[in-house]
Amino acid sequence: MYQYSLDSFTSFMAKAMDKAPAAEELEERAANLIATIRMTIFRWVVRGLFERHKLTFNALLTFTLLKLGKLKEEYPGDAPISFLFKGPMRTDVENTLGDWLPNTAWFAVQKLIELDGFDSFAQNMEKDAPTRFKEWFNEVAPEEQKLPLDWKRLENEPLKKMLVLRCLRPDRITIAMADWIRGALPNGRDYMDCDGSSSFMAVLTNSYEDTSPATPIFFILSPGSDPVQEVEKMGQTKMDPPLKLHLNYHNVAMGQGQDVVAMAKLEMGHKDGHWVMLQNIHLMPSWCVTLEKKMDNFNVEGSHPAFRIYLSADPSKGIPIGILERAVKLTNEPPTGLNANLRRGFAFFNKEDFEERDAKVKAILFGLCHFHAIMLERKKFGPMGYNMMYPFSVGDLRDSASVLYNYLENNQSAKIPWADLRYIFGEVMYGGHIVDDWDRVMCKCYLEYFFVDEILDETQLVPYAEDKLSLMSPPPGPHEKYLEFIEAMPGETPLFFGMHPNAEINYRTVQCNNLFDMLIQLQPRDTSGGEEAGESQSPMARAEQLCSDILDDVRDIKFPTDDISKSLSDEEKGPFQFVFLQEADYMNGLVGEMIRSLSELQLGFRGELTMSEQMEKLVDSLFLEKIPEWWMKLGFPTVRSLASWLANLKERCEQLDNWCNDPVTIPKVTDISRLFNPQSFLTAIKQITCQVQSLELNKLQVVTEITKRDVKQIETLAREGAYVCGLYLEGARWDMAANSLEDSKPKEMFCKMPVVQCKAGMASEKEDKNIYQCPTYCTPTRRPYYVFPAQLRTKYPPPKWTLAGVALILDIGFAL
């Protein structure tokens, strides 16, 4: 959707020159022209970007100017920038500060000390001032605090301080990056906070000045946004006579059969100077080509000066580039934040109508608005929030409120039908969007917590916070009292969602990773590669080196599955043996493709083969240190970088080697995080139980029993089922002493589980209040890599962990 043409650029440049303040002195006039042109072009581009991409654009601009020497700050060289972008780690060292510092942070520090000027950083942390570094690490906003010892000098070198943040607190990088841009760019605050204090109406009105009959406004939509009202409001002042539907304004919602209507309205607007709004044109991609040609014809013929076209569409590849290039693009994203969404949801209801409602209705309606805000904003936590993203909108709130009114008005009993309301809200209105079963369970937990009799008076709005934060709902009262309550609410925290404060660290760390992944992809291929050691390397040279190294590592990997299968008698071939034979076949297929593609690429490097598109993609993947597409398809689910993935591949091969040496016996403890298909191993446990006890397979489930031992303490095979390891708890921690779930420690994202005994037992529909059914996934991205539900003991109500997004993860992507 981000397409811009040279014609549009020159047009905006000419407008900027006209706007620039006049001056008699040549130097002053030149400075005014430069400043005005910069801001005009920048604003033209940035207004069409989504919020999540604006920091990326600003960072790309700043780093490019820094490298060209156009900023006051000196370019530090390729090595520090490469370190900042890639965040490399060295994993072959022991973390001596493990009682407070995560392994990932310590591993990153080991690479940081390879950069010039940072050689003593690890020693300072470990031996000279560990307590002071711990205090800095635990700060809420460490980017605002001075580093210990002589490292406080980095306050004057913010880019180098960001290298430290990249290692120790990557969750604060996006905030530090924005602050750095504000200081590094000339008038950086104007660029970083462009239109930050302007309403969408003000931005739209300002953008209208840049339009013409041949230059439409294109609204790039996001869930919950609707620019129609603002366009109609603007038309009351910009049109003469004022805008009126069907008179001088035509609004067409595109869909089947609407293309003819749209063309007729465009012809009328073109001749008579009307405004034409075409909504959701992405629904008719083939017709958009016709629309582009029609707009070209209008341009040739010459339209009425008052004629304007307004287009809206979701991000789509079906929109012709010609339409995107000529248009003034605007994004209109709904407010973010729990308080903003609560304020927006409550404002949807008319004050007079609200005042006429019964006190019970007022209380439940406010609770519904709070529930709506939570469901909207929870998505920011990514997979911990939802397994899938859902298009909840104010329409769901409106329809739920309508049902509420009908139910209570027709209800003769004084008792409120909570079960019916919860079902309609959770299964029909909001639940109608929800596809994933675990997301549906989470939605049900919110409804069962909020929609009870206590909400009619006062109820706790912060679920399961255990005195960390308390906020009682307002008692039924006038409309103003609810508005005052919303404005006085405390700052947003994950506790409002029933989640641990670590959830915010997690989603900010994901923001950091996404930012740098995007910046790496946007770097020019001829200059972006710099080894951490310092010397620059071309993509081809870097890819050729990696190609040779990887090929040397995997060339000899081959598991003799046919020989093993023939050596086993029919009695010895049990479910476990079939699982491991299948795993070995998967590994042979993956390694075979790696060897084939890398050998082919080597021939390409030597000039013996023409570089194909697939080979060029492989070169790009190797240079960017990402797993190539075909390896991913044949491989196992993972979020690892290429280097980490290769190390993990060797660990998986090691487990298969151990089994190949004794194929009749399974390992004492099986690391299911090192299996391509962990479900097959768990199914094998159920199959063996079926054979021994003559039970039906579909009536069995995997039952987990958490031991208090690690792998080295297991000396024999499990008497029943199998011992497994390789599970990590996200969103909570496992208390070995109490043998139950507990809240995570601060900044502890994952907790390694002890050995787990997996057995097969009869499935039961009866709920145990002391057991949390914990979903297990292959990777932190969760869906679609669901494995099975594990049973974990808990002293707290199980819904506490459901709302916290607690899950077991097999491959977290790094060593813990």
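Residues numbered from 1 in each chain as written. Predicted model: local features only at pLDDT ≥ 70, side-chain atom pairs only at ≥ 80, totals over all residues. Heavy atoms only, no water.

A. Layout of the pairing of strand S2 (residues 249-253). In terms of strand pairing, S2 meets strand S3 (residues 275-279) through five bridges, oriented parallel. Each residue of the ladder has a partner; that of asparagine 251, found in S3, is methionine 277. This β-α-β element, S2 to helix H13 (residues 258-272) to S3, shows right-handed connectivity. (Pairing = 2+ DSSP bridges. Helix = DSSP H or I, 4+ residues; strand = E, 2+ residues; numbered from the N terminus. Right-handed = clockwise from strand over helix to strand, strands pointing away.)

B. Representation of the confidence of the model for the protein. Per-residue pLDDT for the protein averages 91, and the proportion of residues at 70 or more is 98%. A low-confidence stretch, residues 527-535 (pLDDT under 50), is modelled with 20 contacts involving residues beyond four sequence positions or located in other chains. (pLDDT = per-residue confidence, 0-100. Contact = heavy atoms within 4.5 Å.)

C. Spotlight on the nonpolar core. Judged by nonpolar contacts, the single largest core of 73 residues is most densely connected at Leu622, Trp631, Phe681 and Leu729. The element contributing the most residues to this core is helix H26 (residues 575-605), with twelve residues. Other than its neighbours up to four places away in sequence, leucine 729 contacts Trp734, Leu741, Met749, Phe750, Cys751, Met753, Cys774, Leu792, Val806, Ala807 and Leu808. Core analysis: the second largest hydrophobic core is formed by 61 residues, Trp100, Ala108, Trp151 and Ile173 among them. (Core = buried A, V, L, I, M, F, W, Y, C linked by side-chain atoms within 4.5 Å. Buried < 20%, exposed > 50% of the residue type's maximum accessible area, 1.4 Å probe, protein only.)

D. Just a negative patch on the surface, in detail. Negative charge collects at one region of the surface, where Glu24, Glu25, Glu27 and Glu28 lie side by side. Within the fold, glutamate 25 resides in the loop between helix H1 (6-19) and helix H2 (26-46). Glutamate 25 gets classed as exposed once you look at its relative accessible area, which sits at 54%. (Patch = residues over 30% accessible without salt bridge, like charges linked within 9 Å, V, L, I, M, F, W, Y side chains within 5 Å. Areas by Shrake-Rupley, 256 points an atom, 1.4 Å probe, with all protein chains shown as cover. Salt bridge = Lys/Arg side-chain N within 4 Å of Asp/Glu carboxyl O. Lys, Arg positive; Asp, Glu negative; His and termini not counted. Charge placed at Lys NZ, Arg CZ, Asp CG, Glu CD.)

E. Representation of the sheet that holds strand S12 (residues 750-752). If you trace the five strands from one edge of the open sheet to the other, you get S12-S9-S16-S14-S15, paired in mixed fashion. A strand with exactly one partner marks an edge of an open sheet, and here the two such strands are S12 and strand S15 (786-793). The mean angle between the axes of side-by-side strands here comes to 35 degrees, regardless of whether they run parallel or antiparallel. Here strand S14 (residues 771-777) runs beside S15; their pairing, made up of seven bridges, is antiparallel. Residue pairing for S15: tyrosine 777 is matched across the bridge by tyrosine 786. (Axes fitted to C-alpha atoms, helices over the stretch in contact; angles between N-to-C directions.)

F. Just the pairing of S14, in detail. Burial analysis of S14 places six of its seven residues in the buried class, the great majority of the element. With two bridges joining them, S14 and strand S16 (residues 807-809) adopt parallel strand pairing. Bridging from a neighbouring strand, tyrosine 777 pairs with isoleucine 809 of S16.

G. Structural detail: helix H27 (residues 613-623). Looking only at H27, the buried set comprises Met615, Leu618, Val619, Ser621, Leu622 and Phe623. Where H27 terminates, the next one or two residues include glutamate 625, which has phi positive at roughly 60 degrees.

H. Structural detail: the pattern of salt bridges. With the rule as written, the count across this model stands at 47 salt bridges. Here glutamate 114 and lysine 111 are joined by a salt bridge, their closest N and O atoms 3.3 Å apart. Where salt bridges share partners, they join Asp179, Arg182, Arg189 and Asp193 into one cluster.

I. Structural context of the sheet that holds strand S8 (residues 722-725). A sheet is described by the order of its strands in space; here four strands give the open sequence S6-S8-S13-S7, paired in mixed fashion. Among the strands making up the open sheet, the edge pair consists of strand S6 (669-671) and strand S7 (700-706). Adjacent strand axes in the sheet meet at a mean angle of 40 degrees, parallel and antiparallel pairs treated alike. In this structure, S6 lies alongside S8, joined through three bridges in parallel fashion. Bridging from a neighbouring strand, valine 669 pairs with tyrosine 723 of S8.

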